[in-house]
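Spelled out from the first residue to the last, the chains are:
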Amino acid sequence: MERFVKKIVDLMREEMLFSWQGGPIIMLQIENEYGNIESSFGQGGKNYVKWAAGMALGLGAGVPWVMCRQADAPGSVINACNGYYCDGFRPNSGNKPSLWTEDWDGWYASWGGRLPHRPVEDLAFAVARFFQRGGSFQNYYMYFGGTNFGRTSGGPVYITSYDYDAPIDEFGLKSQPKWGHLKDLHGAIKLCERALVSSDSVHYLKLGPLQEAHIYNGTEGMCSAFVANVDQHRSATVHFLGKAYTIPPWSVSILPDCRNIVFNTAKVAAQTSIKSTEVPYSNLSLGQIILMRNGHSYISKSWMSLAEPNALWSNDTFTVQGILEHLNVTKDRSDYLWYFTRIHVSDDDVAFWEENKVSPKIEIDSMRDVFRVFVNGQLAGSVVGHWVKVVQPIKLVQGYNKLVLLSQTVGLQNYGAFLEKDGAGFRGKVKLTGLKSGDIDLSKLSWTYQVGLSGEFRKIYSIEENEKAEWTDLVQDDACPAFTWCKTFFDSPEGVDPVALNLGSMGKGQAWVNGHHIGRYWNSVAPKDGCQKCDYWGPYHSEKCTTNCGKPTQTRYHVPRSWLKSSDNLLVIFEEFGGNPFDISVELHTSEMVCGQVSETHYPPLHRWSYPDSLLGTISIDDPTPEMYLNCEEGHVIGSIEFASYGTPKGGCRNFQRSSCHAADSEHVVKEACEGRNSCSIKISNAEFGGDPCRGIVKTLAVQARCISSASSKLGASAFK
């Protein structure tokens, strides 16, 4: 460990990357959340923390070191907070700043689970509270979602997507309103910068039973304040420095000059973006696409398939007595470990089963993640679970029977104490029950072990090796059977939109594009219940605002465009359960619709605020009118306005409705401002819409717009072959 850390620090120093060298690195981290498991190791854990800290400090990096969730971080090493909320966190020394190294803006998703979402109002509230109560540094986990390509997903059983409900999704698109609202939040905090960094202390002021203010008085008369209402249900009107302010529940208002509210965490002015998947090639599935070239159309060629043997094929097999632990054998070279043996069945056993109408069973005390048993070349059963008991009936015949057990991992344990002891495969007793002569302890038999798949080790998924395999045509609409490799070729969709494969028609397996492993796939369905109405107020947890109930956890899999050629892209899948590859489709991931809903009570855009007189520490604004801002992704423009109403519109995005209070010029004004542009802004005022449509009532502008590609809309000749 010391050699590795020293190597990294030396590399950073050699490349002049530390801040004291003019580079961007201001801080380094040693260990991560070790404090959560330190007690499991007794005094050894405490000694290790001291050693790690001393080792890091001794490298002379010249920037501070941090330890996350490490209350006993020694010396000058700063202990930092990870979590959903860190406003109550205090470091273990008054000489250390309050750091929030992981602000969890979402959560992980697991196969067969619901999709977690964290409301941006609560996320913004948590961030504002952190800085309100003296926080110095805050970092989002994750700000940019990602993808667990290959076999890198952990958990175990975490899905391939690492989108995490992040402000920027795994495809690189903005998740709105989360991205926009956080941008506004940090713009408001930035306006407080002068007071925050020059104030020696924060002044606390109690404004009510669940309301409070924190005031930062800086140099040259600078004053900034955060006013919070932590009531989970009710708005509150508070009096602060001679003025009355109404604060929504579970929210913070930011006042850069201690007088004017420029932002409230619960008032979202940012647009909502509705993401969709567009299927190129006239919405036809992969195996049904009609190609248009030189004026001619023809049906694509069928898929090709190759069966994966459940027999011995490798030269690297070995035979020993007993059941070995999965990872000690595979060394994580593959998800798959095969166990081969033979079982002799007597005439008496067969007669016993027939007479009593029973079957022999494979019983395993505990196994993870997927278990399969083959008897005489045929799949006899499967079990899925994390350290669950197995009782699998099988059918044996008189004489010698070939018994094959297959253990599969779906990601490895990636957190906790004693990771090296977690293991995989089977635990406890493994036996064959139901024989007349009694149970057989299978751990006393000789087993032949084989790691991985034949196709996996022959690399038949690669461009170089796939042609060497003995593929056969798969008839149209035939399934890709269990334990079968299937392949086809496809052309890359035109444009720049992110690309995904929809594998919802398949069962479980792995997929490769041009030799790149895009990850595991699994059509595992989430429970039908548990996706209740989501309210932002109150403490968040990962089960609070879930979606996708009753649907597969993941069906779309990211394929980076850098992995694609313009044509003849090789797609290879290994299917474990059985599925229909002809219904696989290539999809473009886009933000096809943007919606805005801004009222007269919203605050004006943050960019309009300025400090005209730094000596007085006051901010001013040239135009206090609220404004709606709409924006399509890069390479797209607003093609049409599907709804626009200034007045008192009802509903939300994709469900807007006019009311009796509606400005007749609404649609015209919005179309003139927005159509054909990548972005546009509309002021929320009566003057903008030709007068007041209903006096004495707070007006709101609601808009729904559709984004289209700014490039040519012609599809060209892209298609699957």
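Residues numbered from 1 in each chain as written. Predicted model: local features only at pLDDT ≥ 70, side-chain atom pairs only at ≥ 80, totals over all residues. Heavy atoms only, no water.

Engineer: A description of the overall build of the protein chain should follow, citing residues and the corresponding values.
Structural biologist: Within the protein chain, the regular secondary structure consists of nine helices and 40 strands. Structurally, the protein chain occupies a C-alpha span of about 95 × 75 × 55 Å along its principal axes. Out of the 721 residues in the protein chain, the part that is buried amounts to 52%. For the protein chain, the share of sequence-separated contacts (at least 6 apart) that also reach a separation of at least 24 residues comes to 70%. Of the accessible surface of the protein chain, which amounts to about 32100 Å², a share of 51% is contributed by carbon and sulfur atoms. (Helix = DSSP H or I, 4+ residues; strand = E, 2+ residues; numbered from the N terminus. Buried < 20%, exposed > 50% of the residue type's maximum accessible area, 1.4 Å probe, protein only. Contact = heavy atoms within 4.5 Å. Areas by Shrake-Rupley, 256 points an atom, 1.4 Å probe, with all protein chains shown as cover.)

Engineer: Account for the domain arrangement of the protein chain, with residues named and values stated.
Structural biologist: As far as domains go, the protein chain holds domain 1 (1-106), domain 2 (194-265), domain 3 (318-451) and domain 4 (592-718). A C-alpha centroid distance of 62 Å is found between domain 3 and domain 4. (Domains from an automatic or database assignment.)

Engineer: Can you break down the packing of aromatic side chains residue by residue, with the values?
Structural biologist: Tallied over the full model, the rule gives 43 aromatic pairs. Ring centres 6.1 Å apart and planes at 15° place the aromatic pair Tyr-34 and Phe-41 in the stacked group. Among the residues examined, Tyr-34 registers a relative accessible area of 11% and is labelled buried. Since its relative accessible area comes to 30%, Phe-41 is described here as partly exposed. Aromatic ring contacts, followed pair by pair, group Tyr-84, Trp-104, Trp-107, Tyr-108, Tyr-141, Tyr-158, Tyr-162, Tyr-164 and Tyr-540 into a single cluster. Here the guanidinium or amino end of Arg-427 rests over the ring plane of Trp-387, the centre of that ring lying 3.7 Å away. Sitting over the face of the ring of Trp-522, Lys-508 holds its NZ or CZ atom 5.3 Å from the ring centroid. (Phe/Tyr/Trp six-rings, centres within 6.5 Å; stacked < 30°, edge-to-face > 60°. Lys NZ or Arg CZ within 6 Å of the ring centre and 35° of its normal.)

Engineer: Provide a residue-level description of the side chain of His-326, including the pertinent values.
Structural biologist: Among the secondary structure elements, His-326 is positioned in helix α6 (residues 326-330). If we ignore the near neighbours within four places in the chain, the residues touching His-326 are Ser-334, Asp-335, Tyr-336, Leu-337, Tyr-339, Ser-407, Gln-408, Thr-409, Ala-424 and Gly-425.

Engineer: With reference to specific residues and values, describe the pattern of salt bridges.
Structural biologist: This model, assessed by the stated rule, comprises 30 salt bridges. The residue Asp-369 makes a salt bridge to Arg-368 at a minimum N-O spacing of 2.8 Å. The class for Asp-369 is buried, based on a relative accessible area of 2%. The partner of Glu-642 in a salt bridge is Arg-706, and the shortest N-O contact between them spans 2.5 Å. Highlighted residues: Glu-642 in strand β38 (residues 636-647) and Arg-706 in strand β40 (residues 700-709), separated in sequence by 64 residues. Residue classification places Arg-706 among the partly exposed positions, given a relative accessible area of 24%. Here the residues in one salt-bridge network are Arg-151, Asp-332, Asp-335 and Arg-520, joined through shared partners. (Salt bridge = Lys/Arg side-chain N within 4 Å of Asp/Glu carboxyl O.)

Engineer: Please set out the packing of helix α3 (residues 120-132) against helix α4 (residues 178-191) residue by residue, giving values where relevant.
Structural biologist: Following both chains from N to C, one finds α3 and α4 inclined at 20°, their axes separated by 10 Å at the closest point. Taken together, the axes of α3 and α4 are roughly parallel relative to one another. α4 is crossed by α3, and the crossing has right-handed handedness. Contacts from Val-120, Leu-123, Ala-124, Val-127, Ala-128 and Phe-131 of α3 reach α4 at Lys-178, His-181, Leu-182, Leu-185, His-186 and Ile-189. For the contact of α3 with α4, the residue count by class is nine nonpolar, two polar and one charged. (Axes fitted to C-alpha atoms, helices over the stretch in contact; angles between N-to-C directions. Parallel < 35°, antiparallel > 145°, perpendicular 65-115°, else oblique. Left-handed = near helix turned anticlockwise from the far one by under 90°. Nonpolar A, V, L, I, M, F, W, Y, C, P; charged D, E, K, R; others polar.)

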